[in-house]
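The primary structure of each chain is shown beneath.
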Amino acid sequence: ALRFDNLALRSLPVDASEDGGPRAVPGACFSRVRPTPLQNPRLVAMSLPALALLGLEVPAADREAAAEAEAALYFSGNRLLAGSEPAAHCYCGHQFGNFAGQLGDGAAMYLGEVLGPRGERWEIQLKGAGLTPFSRQADGRKVLRSSIREFLCSEAMFHLGIPTTRAGTCVTSDSKVVRDIFYDGNPKSERCTVVLRIASTFIRFGSFEIFKPIDEYTGRKGPSVNRNDIRIQMLDYVISTFYPEIQEAYSDNSIQRNAAFFKEITKRTARLVAEWQCVGFCHGVLNTDNMSIVGLTIDYGPFGFMDRYDPEHICNGSDNTGRYAYNKQPEICKWNLGKLAEALVPELPLEISELILEEEYDAEFEKHYLQKMRKKLGLIQLELEEDSKLVSELLETMHLTGGDFTNIFCLLSAFSVDSDPSELEDFLEKLTNQCASVEELKVAYKPQMDPRQLSMMLMLAQSNPQLFALIGTKANINKELERIEQFSKLQQLTAADLLSRNKRHWKEWLEKYRIRLQKEVEGVGDADAWNADRVKVMNSNNPKYILRNYIAQNAIEAAENGDFSEVRNVLKLLENPFQEADGFREVKEDAEEEGATATAAACAQETRSRLPYCSKPPLWASELCVT
């Protein structure tokens with residue numbers, strides 16, 4: 001019943017070769033492919049709000065099992081939808097700052113574009129459907145754990161109000177692939193799983209890098225060097241399809257049109273990363289090939305929502321230098337826009353795009369970030385210059401006390417401007433309960449290098465800086481020295497001392513917050529109505545539920561044992577992230593599995609107590625590693 005209209009394949013060049021194996025694909029934006037069937041596909045979960053975009057409705061109770069079987073058949077790739085034209089998209093990318101040459105859809109397949117019931121156009125993709133010309137040395141498959149994470153996070157981000165690609169279904173199977181999860185020589189067999197992804201387009205910054213000549217640092221080049229005719233086709237397609245108002249306004253001047261497009265994607269990207277920062281979301285792999293040309297969050301891999309606030313938080317266990325740390329995301333997205341600007345030359349001269357980037361990006365980010373933070377703090381009447389300092393001091397207090405980013409913001413709506421000393425003490429108690437314990441801090445600051453290794457690195461930094469630069473960085477060494485110092489101090493710290501220190505820090509900040517809230521009250525006639533509005537705004541901007549790694553891990557472990565109910569529970573919960581969830585079971589904490597997928601052996605032995613979904617993570621969660 002889906003209505004396909006595959007505009008991208010009609011508008012952009014498609015590779016003439018039918019060779020399905022890994023190879024260079026010059027002079028084309030797409031290659032035709034076929035999904036590889038799976039053994040016994042079955043539905044893990046489906047997002048009805050996402051499927052509704054395509055015109056697929058909630059099945060009647062008596063058809064539920066049949067609908068699930070049908071979804072598993074079509075959205076595994078085992079049977080093709082009428083009107084679909086499977087293809088893989090060609091793109092390049094700068095990965096961790098270095099140009100990697102041709103990348104492309106190595107595991108994802110464009111099925112086509114579906115016209116939704118309201119006339120919107122949705123590209124649908126199967127991720128994990130098998131080999132394509134862009135699979136390189138891989139097998140074109142995804143596994144259950146990574147697919148569940150992508151499926152749940154795509155929908156979580158949408159319901160948080162953050163621009164994102166969507167996920168319609170997650171389908172697993174009895175087909176197996178071998179994966180070395182931590183790259184430590186301990187491979188295991190895992191189930192092949194496919195996610196149905198939905199977006200207006202999956203074209204990304206790296207799509208325009210296929211024209212890049214030989215890179216002076218890596219010696220790699222794009223597959224379509226000197227094909228400016230295709231660059232023009234791509235710009236025409238992207239702007240006329242996804243930025244029609246810009247196409248209409250500048251139809252007779254391509255330079256002005258392209259400049260307006262670059263300005264708009266610059267501002268969208270700045271707003272997007274501001275939204276990430278405000279919910280503590282870390283993408284993990286912000287390469288240019290993971291940046292959407294329409295300003296969506298795209299490609300969920302080793303992402304993570306920050307628990308304990310740490311501006312230098314790294315969610316990706318493979319990011320050894322911290323290039324994509326939480327506090328680096330705004331500047332990295334700006335760097336990526338710079339690479340997009342280079343990729344648009346000569347259709348947009350660099351002097352024009354660089355000026356746009358400098359004038360627009362930082363200003364748009366700061367504006368959107370502060371607007372969002374004001375809502376999170378309930379500052380709804382006035383916009384004062386001092387607000388930026390108040391936000392910085394809040395984050396500094398969170399950092400000093402190891403505060404849980406999500407839960408601290410959630411609690412602040414209960415703070416009263418005119419609370420008496422006993423009420424303030426009660427509130428401080430609630431705040432400090434959301435701060436890290438001595439045990440949690442010891443885990444966080446545990447030294448990561450062998451003392452002999454550290455000593456060798458310090459000597460090498462002095463005696464042979466060139467060799468040292470190949471195997472380490474001064475920032476990493478300094479961070480390790482800081483860890484050692486903090487860990488040493490923690491050995492002497494008692495729980496009572498920590499509590500007293502944390503209360504002092506929070507009392508100081510709350511006094512500043514109270515003074516700022518009083519300025520809000522002064523200008524209003526009805527203080528009670530103002531407070532009700534303040535609480536309403538705060539509660540609709542501070543989520544109670546996010547996809548914490550430990551919640552995802554519990555759902556993954558249950559699914560790997562054949563129980564998909566936890567994935568479905570978590571999905572339901574994340575569809576209403578700002579509301580208290582009635583009737584939801586607590587997180588399943590008692591399932592123990594030797595050598596659990598992403599936990600260290602020590603964690604697997606720990607008895608897991610039951611926790612509410614909104615709880616800060618248990619101690620075992622600190623050992624979770626996502627690569």
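Residues numbered from 1 in each chain as written. Predicted model: local features only at pLDDT ≥ 70, side-chain atom pairs only at ≥ 80, totals over all residues. Heavy atoms only, no water.

## Focus: unusual backbone geometry
Link 1 in the chain: In the segment running from Val 345 into Pro 346, the intervening peptide bond is cis, with an omega of 10 degrees.
Link 2 in the chain: Topologically, Pro 346 is positioned in the loop between helix H8 (329-344) and helix H9 (350-376).
Link 3 in the chain: Located in the positive-phi region is Phe 96, a residue other than glycine, with phi close to 50 degrees.
Link 4 in the chain: Relative to the elements of secondary structure, Phe 96 occurs in the loop between strand S4 (92-95) and strand S5 (98-102). (Helix = DSSP H or I, 4+ residues; strand = E, 2+ residues; numbered from the N terminus.)

## Comments concerning the domain arrangement of the protein chain
Link 1 in the chain: What the domain assignment reports for the protein chain is domain 1 (3-225) and domain 2 (402-523).
Link 2 in the chain: Each of domain 1 and domain 2 has a C-alpha centre, and the two are 40 Å apart. (Domains from an automatic or database assignment.)

## Some details on the packing of helix H11 (residues 405-412) against helix H12 (residues 421-433)
Link 1 in the chain: Between H11 and H12, the least distance of the axes is 9 Å, while the angle of their chain directions is 160 degrees. With respect to each other, H11 and H12 are oriented roughly antiparallel. In the crossing of H11 with H12, the sense of the turn from one axis to the other is right-handed. Mapping the contact onto sequence places Ile 408, Leu 411 and Leu 412 in H11 and Phe 427, Lys 430 and Leu 431 in H12.
Link 2 in the chain: Looking at the contact of H11 with H12 residue by residue, the class counts come to five nonpolar, no polar and one charged. (Axes fitted to C-alpha atoms, helices over the stretch in contact; angles between N-to-C directions. Parallel < 35°, antiparallel > 145°, perpendicular 65-115°, else oblique. Left-handed = near helix turned anticlockwise from the far one by under 90°. Contact = heavy atoms within 4.5 Å. Nonpolar A, V, L, I, M, F, W, Y, C, P; charged D, E, K, R; others polar.)

## Quick look at the packing of aromatic side chains
Link 1 in the chain: Following the criterion strictly, the structure yields 18 aromatic pairs and no others.
Link 2 in the chain: Their ring planes at 20 degrees and their centres at 4.9 Å tell us that Trp 509 and Tyr 513 sit as a pair that is stacked. Separated by four residues within a single helix, Trp 509 and Tyr 513 lie in helix H17 (residues 495-522), roughly one turn from each other.
Link 3 in the chain: A residue is classified by how much of its surface remains accessible, and Trp 509, at 1% relative accessible area, is buried.
Link 4 in the chain: A connected cluster of aromatic rings, assembled from ring pairs, spans Trp 276, Phe 281, Tyr 300, Phe 303 and Phe 305.
Link 5 in the chain: Above the face of the Phe 303 ring, Arg 149 is positioned so that its terminal group lies 4.1 Å from the ring centre. (Phe/Tyr/Trp six-rings, centres within 6.5 Å; stacked < 30°, edge-to-face > 60°. Buried < 20%, exposed > 50% of the residue type's maximum accessible area, 1.4 Å probe, protein only. Lys NZ or Arg CZ within 6 Å of the ring centre and 35° of its normal.)

## A closer look at the packing of helix H7 (residues 254-279) against H8
For any two helices packed against each other, the geometry comes down to the angle between their axes and how far apart the axes lie.
Link 1 in the chain: Interaxial distance between H7 and H8 falls to 10 Å at its minimum, and their mutual angle equals 160 degrees. In this view, H7 runs roughly antiparallel relative to H8, as classed from their interaxial angle. For the pair H7 and H8, the sense of crossing is right-handed. From H7, Phe 261, Phe 262, Ile 265, Thr 266, Thr 269, Val 273, Trp 276 and Gln 277 reach across to H8, where they touch Gln 329, Pro 330, Cys 333, Leu 337, Leu 340, Ala 341 and Leu 344.

## Some remarks on the side chain of Asn 290
Link 1 in the chain: On the secondary structure map, Asn 290 appears in the loop between strand S11 (281-282) and strand S12 (304-305).
Link 2 in the chain: Apart from residues lying up to four places away in sequence, Asn 290 is in contact with Arg 204, His 283, Val 285, Ile 298 and Asp 299.

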